[in-house]
Amino acid sequence: MAVDRQQLEQRLIEAIQLTVNGDKREFGVPSHFTLLEALRYVLGLTGSKQGCDKGDCGACTVLLDGVPTLSCILPVQEALGHEVTTIEGLAEGDGPHPLQEAFDITGGAQCGFCTPGILMSAVALLSQSENPTRVDIAEALSGNLCRCTGYTKIYEAIELAAAAVREGDTAEDEDGS
Amino acid sequence: MKLEDFRGKQAESAASEQELHEALKREFQVIGQRLRRTDGIAMSTGAAVYTDDIALPGMLHAKILRSPHPHARILSIDVSTALALEGVHAVVTGSDMPHPYGIIPWARDEYPLCFDKVRHVGDGVAAVAAVDENTANEALELIEVEYEVLPYYLDPEKALADKETPIHDPKKPGQNGNVSKNVHLEFGYVDAMMMQADVVVEGEYYFEGTTHTAIEPHCAIGYFAPSGKLTVWSATQVPHYLHRELARVLDLDVATVRVIQPPVGGAFGGKSEPFDLEFCVAKLAMITGRPVKILYTREEVFYAHRGRHPMLMRYTTGASRDGIIKSVDAQTILDGGAYESFGLVTTYYSGQLITAPYKMESYRFDSTRVYTNKPCCGPKRGHGSVQPRFAIEVQLDKVADRLDLDPIELRRRNLLDSDSRTVNEFRVTSNGFEQCLDAVEEASDWAAKYRNLPYGRGVGVAGSCYISGTNYPIYPNAMPQSAVQLQVDRSGRVAVFAGASEIGQGSDSMLAYIVSEELGVPLDYVRILSADTDLTPVDLGAYSSRVTFMCGNACIDAAQKIKQQVQQAVAEEWLCRPKHVKLVGGWAFNALDTENKMPISEAFNQAEAKYGALGATGSYNTPKDIHGSYRGGTIGSSPAYSFTAHVAEVEVDPETGFVEVQKIWIAHDCGRALNPVLVEGQMEGSAYMGFAEAIMEEHIFKESGLHNAPSLLDYKIPTSLDTPEMQSLIIESVDPEGPYGAKEAGEGPLHPSIPAIANAIYDAVGVRIDRLPFSPPRVWRALEQRGEGERAGEIPPWKNERG
């Protein structure tokens, strides 16, 4: 029995090429691996969390070409050819992303376990809408369960970040850049 | 860069002259400000390392084989085939860890793995460590367990009536082994006062079980070094108790065991005692010499449970015609599940904690906790007192209705004073409940809405109180409940070593605010190292809302010792009085001459030159002997009580029975808000969690003993779209013994949500829903029943809108 199993596993190891946070990565994984398992166990990107492993809680949310995606139920092969962005790839340059900054200011993260997933959903929202209403935000986050905050401080954070991004854009326009 | 240059840089970023003048006028510099957390950016960038994010070299993964039966005797276990599977490194069963454990020292009734009987579906029977999870799972299927299936109990009333096959051996011969605990206490003359009452309201309430549902599943890693030292990383909220229990159960010298608690992804009471996975990773690590990790599946989290006890509560309340509470009689059956857990405390709490914020002339409770063959219940946010709070606050609403009194007015007429005693002799000091009532009344526009909103819409009010920790620890000892050690670096950095458990509530940040306030260092100069039993002094854990009060006081104690040394050393240099040396905003300065100042690091260096290395320990212990002298009088005795009032506004769809909670106004007396952002976060999170229990959550079991819905899809917790708007109103009564006057904020604000919503449903549509949750079928049936009465002319249409 053990022999069969070994042969089976050898057959099922696959070489994967994946673009994660702008880096092209190559690695081998058992073919049953989900994107979340590849990120956490192979690439060491542990920012994306496993809360249920069934696609129910949203803690594993990453962006696939900018679209929020549940990495715990996505076979890793399905991510091939797509740009994967995780929480670790959110900040650009020398400081946190405006959403990360805003969550810190309003107390949007308490235990922080749902936070990476919520931030990825929020990034996708702000890329679609520069001035989302509370209803827009609630809808965008409806696939991400938070058990600590009651969501209010998360709404405040996203509104604050949206305003900061709008002001930043205005400042850039005024600079003529 | 030379030290002097650093100092120059520090001076640039420190407070300006103007700011120092302003600082002198303020009572606090840091406390009360809307500040960031110390760990906020780590959490929002994915940098925070939770237990499951840790991978150690050579780490094995373990899984636990769980019982498919609710009640069975284990006749034999054969692990030989599993052990022979390639990739399997070790298998353990109950006989490998034969000492029982339990959070209450005199009620230890669990084993790391069962060896005589299983008592609920999901009880652990064997554990396998293998190269990966898949291999471990495969090995579980190769373990052969022979069971003798026994009759089982799911209904506590049946378990009470029938003791043929008790779940546990009777505590004394002849007793029912299904009774976990009975408490009967009477204060004053309940029957006589009930006879004198003008109004007597009787009600039967049922609080359905609910569970914590932290988004992080339980996870633990064990490592046994060749030196004989065991290290366990665990997502626990009680590292100190885990430390003790690991050593005791595994027969190890406690000095050779280290428990490290990484950041915890939510707990809410669900991680406040040892669990099977911690013993299993430790034992398997000891056998294999390799690090071993167990991560519960979400299903295992539901079976581990320790959540809210289902309670059947029969209440009788007597009041005078002017609304004064004369007498309260409470008969409660608690469904405890398979084990003891904190059950003794829960049983007391179910009666002890409803005696404020109202005066009661007499009070009696009889609470019986019963074992059933279901996952064990335990402490969930508002331990043991959320259920009776639902009953008593709805009872008061019914009394007000009978007397045609505004329910806020009824509560005002029964206010317990500050600096008083409850009917069960608890000492109450600061009490801001009246201000809480005022705040929610005004913010919700209560007077315009109560009984005045159109049919289908309504408002309800409820109040509550909660402990800020308990005066007596879980295991009796005279040592401090909390301690902090500070270490000052020559750069100006202050390291805080504290046993307190950061579980998302912000306890690390709270300690940083205190150090910053006392020693004048910027917040980012404070490093928090918490909950590592090798490095940090003992704190008993993040439960019973004790951390801010106790660890905060310990931290102030430590910081003030260093502050005095710094003031003394600098005063000698400046030839001024020590009390005039202020430590604020990165400076030591002379309060009488603000131009006379030095960077805080230089002040620390002066003190170090005078006294030697700068460091201090501080501790806090609770007041003792301030409780009643009756047996059980210690349980619920707290150094301070928080107070809360809610108003909930609902809209009920009369066609479907669907209740939409539109808004909850939350006023909470937290003594003093050390950081209002974090206090509001606790208030909103609490109110949300109460709302969830009121409207959605049901931790229930099928006839077979299987969990009805062990997934986050089927066990309904609110999404963003379900959660009502919430408004936090902080009330500061400034407690005489709390740190800067602070009391708890993490659990109290949950309590009134449920009765406030129940009372609002009554205001909306005239039906009482005395059973949780307030689901559409239940509300609809009540509306149908009322409709029949209205059509028959037995009762008038509610608000003249129906009939």
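Values in this document were obtained by computation on a predicted structure and should not be read as measured data. (Residues numbered from 1 in each chain as written. Chains lettered and ligands numbered in written order. Predicted model: local features only at pLDDT ≥ 70, side-chain atom pairs only at ≥ 80, totals over all residues.)

## Focus: the overall build of chain B
Secondary structure summary: chain B contains 21 helices and 28 strands in total. For chain B, whose C-alpha radius of gyration is 28 Å, the value lies close to the compact-globule estimate of 28 Å for 803 residues. Oriented by its inertia axes, the alpha-carbon framework of chain B measures out at about 90 × 75 × 50 Å. Counting the 803 residues in chain B, one finds 62% classified as buried. Relative to all contacts within chain B whose residues are 6 or more apart in sequence, the contacts with residues 24 or more apart total 80%. (Helix = DSSP H or I, 4+ residues; strand = E, 2+ residues; numbered from the N terminus. Rg over C-alpha atoms; globule rule 2.2 N^0.38 Å. Buried ≥ 20, exposed ≤ 12 C-beta atoms within 10 Å, placed from the backbone. Contact = placed C-beta atoms within 7 Å.)

## Section: the overall build of chain A
When you go through chain A residue by residue, the secondary structure sums to six helices and five strands. When the 177 residues of chain A are sorted by exposure, 51% land in the buried category. Sequence-distant contacts, at least 24 apart, represent 57% of the contacts inside chain A between residues at least 6 apart.

## Observations concerning the sheet that holds strand β2 (residues 72-78) of chain B
Residues and elements named next belong to chain B. With antiparallel pairing, the three strands of this open sheet are ordered in space as β4-β2-β6. The sheet is open, and its two borders are formed by β4 (117-118) and β6 (144-149), each paired with just one other strand. The sheet contact formed by β2 and β4 spans two bridges and is antiparallel. Bridge assignment links Arg73 to a residue of β4, and that residue is Lys117. (Pairing = 2+ DSSP bridges.)

## Describing the nonpolar core
Residue and element names in this part refer to chain B. Val128, Val281, Val515, Cys555, Ile757 and Ile761 are the most contacted members of the largest nonpolar core, which has 299 residues in total. Tallying contributions element by element places helix α17 (residues 547-574) first for this core, with 13 residues. If near-sequence neighbours (up to four positions away) are discounted, Val515 is found in contact with Leu486, Val494, Val496, Val521, Val526, Cys555 and Ala559. (Core = buried A, V, L, I, M, F, W, Y, C linked by C-beta atoms within 7 Å.)

## Observations concerning the interface of chain B and chain A
Listed by partner, the interface residues are 43 residues for chain B and 41 residues for chain A. Elements with a contribution of two residues or more to the side of chain B that touches chain A: α3 (40-44) and α19 (676-695) of chain B. If one sorts the elements of the side of chain B that touches chain A by residue count, α19 of chain B sits on top with seven residues. Residues belonging to the side of chain B that touches chain A are distributed by class as follows: 20 nonpolar, 16 polar and seven charged. (Nonpolar A, V, L, I, M, F, W, Y, C, P; charged D, E, K, R; others polar.)

## As for the sheet that holds strand β20 (residues 494-498) of chain B
Strand-to-strand pairing in sheets goes through backbone hydrogen bonds, with the strands running parallel or antiparallel. All names here are of chain B. Strand order across the open sheet formed by four strands is β21-β20-β19-β25, with mixed pairing between neighbours. Two strands close off the open sheet at either side, each with one partner strand: β21 (526-530) and β25 (615-620). Sheet twist, expressed as the mean angle between neighbouring strand axes with direction ignored, is 20°. For strand β19 (residues 482-488) and β20, the ladder comprises five bridges, and the chain directions are antiparallel. Bridge pairing in β20 links Gln487 to Ala495. Sitting on the sheet, helix α16 (residues 507-519) touches β19, β20 and β21, and the angle it makes with β21 is about 140°. (Axes fitted to C-alpha atoms, helices over the stretch in contact; angles between N-to-C directions.)

## A few points about the packing of α19 of chain B against helix α20 (residues 753-765) of chain B
Residues and elements named next belong to chain B. Contact pair α19 / α20: the axes reach a minimum separation of 8 Å and the direction vectors enclose 55°. As the angle between them shows, α19 and α20 are arranged oblique. Note that α19 runs across α20; the crossing there is right-handed. Of α20, the residues touching α19 (which contributes Ala687, Gly690, Phe691, Glu693 and Ala694) are Ser753, Ile754 and Ile757. When grouped by side-chain class, the residues that make up the contact of α19 with α20 number five nonpolar, two polar and one charged. (Parallel < 35°, antiparallel > 145°, perpendicular 65-115°, else oblique. Left-handed = near helix turned anticlockwise from the far one by under 90°.)

## Details of the packing of helix α3 (residues 98-106) of chain A against helix α4 (residues 115-128) of chain A
All names here are of chain A. Axis separation between α3 and α4 bottoms out at 10 Å; the angle between their running directions is 125°. In terms of orientation, α3 lies oblique with respect to α4. Note on packing geometry: the crossing formed by α3 with α4 is right-handed. Contact residues: α3 offers Leu99, Gln100 and Phe103, while α4 offers Thr115, Leu119, Ala122 and Val123.

## Brief notes about helix α14 (residues 433-443) of chain B
Residues and elements named next belong to chain B. Those residues of α14 not exposed but buried are Phe433, Glu434, Cys436, Leu437, Ala439, Val440 and Glu441. Against the buried residues of α14 lie α13 (407-413), α15 (446-449), β18 (457-467), β26 (641-652), β27 (659-669) and β28 (725-731). Just beyond α14, the residue with positive phi is Asp445, at close to 60°.

## Some words on the confidence of the model for chain B
Mean pLDDT over chain B works out to 96, with 99% of the residues at or above the 70 mark. In the predicted assembly, ipTM is 0.96 and pTM is 0.97. (pLDDT = per-residue confidence, 0-100.)

## Some thoughts on unusual backbone geometry
Residues and elements named next belong to chain B. Of the consecutive residues Ala356 and Pro357, the connecting peptide bond is found in the cis state with omega at 5°. Positionally, Pro357 belongs in the loop between α11 (343-352) and β15 (363-371). Following Leu772, the chain continues to Pro773 via a peptide bond in cis, the omega torsion being -15°. Phi at Asp404 takes a positive value of approximately 60°, unusual for a residue other than glycine.

## Thoughts on the pairing of β27 of chain B
All names here are of chain B. Burial analysis of β27 places eight of its 11 residues in the buried class, which makes it a mostly covered element. Relative to β27, β26 is paired through 10 bridges, and the arrangement is antiparallel. Counterpart to Ala645 in the pairing with β27 is Ala667. Between β26 and β27, which pair antiparallel one after the other, the connecting turn spans six residues, and Gly657 there sits at a positive phi close to 80°. Of the pairings in the sheet, the one linking β27 to β28 comprises seven bridges and is parallel in character. Bridging across to β28, Lys663 finds its partner in Glu725.

## Some thoughts on the environment of Met43 of chain B
Take Met43 of chain B: it is sitting in helix α3. For the pair Met43 of chain B and Val257 of chain B, spaced 214 residues apart in the sequence, the C-alpha separation amounts to 29 Å. With near-sequence residues (within four places) excluded, Met43 of chain B lies in contact with Ala109, Gly112 and Thr115 of chain A together with Ala48 of chain B.

## Concerning the pairing of strand β14 (residues 325-337) of chain B
Residue and element names in this part refer to chain B. Counted residue by residue, β14 has 12 buried out of 13 residues, so it is predominantly covered. As paired elements, strand β13 (residues 311-319) and β14 share nine bridges and run antiparallel to each other. Residue pairing in the sheet places Leu312 in a bridge with Ile333 of β14. Once β13 ends, the chain turns through five residues before running back antiparallel as β14, passing Gly323 with a positive phi of about 90°. As paired strands, β14 and β15 are joined by nine bridges and run parallel to one another. Following the sheet pairing, Ala330 is matched in β15 by Phe365. Each parallel crossover has a hand, and for β14 linked through α11 to β15 it is right-handed. (Right-handed = clockwise from strand over helix to strand, strands pointing away.)

## Here's the deal with the environment of Gly492 of chain B
All names here are of chain B. Within the element layout of this structure, Gly492 appears in the loop between β19 and β20. Each C-alpha atom of the pair Gly492 and Gly378 lies 44 Å from the other, and the pair is 114 residues apart in sequence. If we ignore the near neighbours within four places in the chain, the residues touching Gly492 are Gln10, Val521, Tyr525, Ile600, Ser601 and Phe604.

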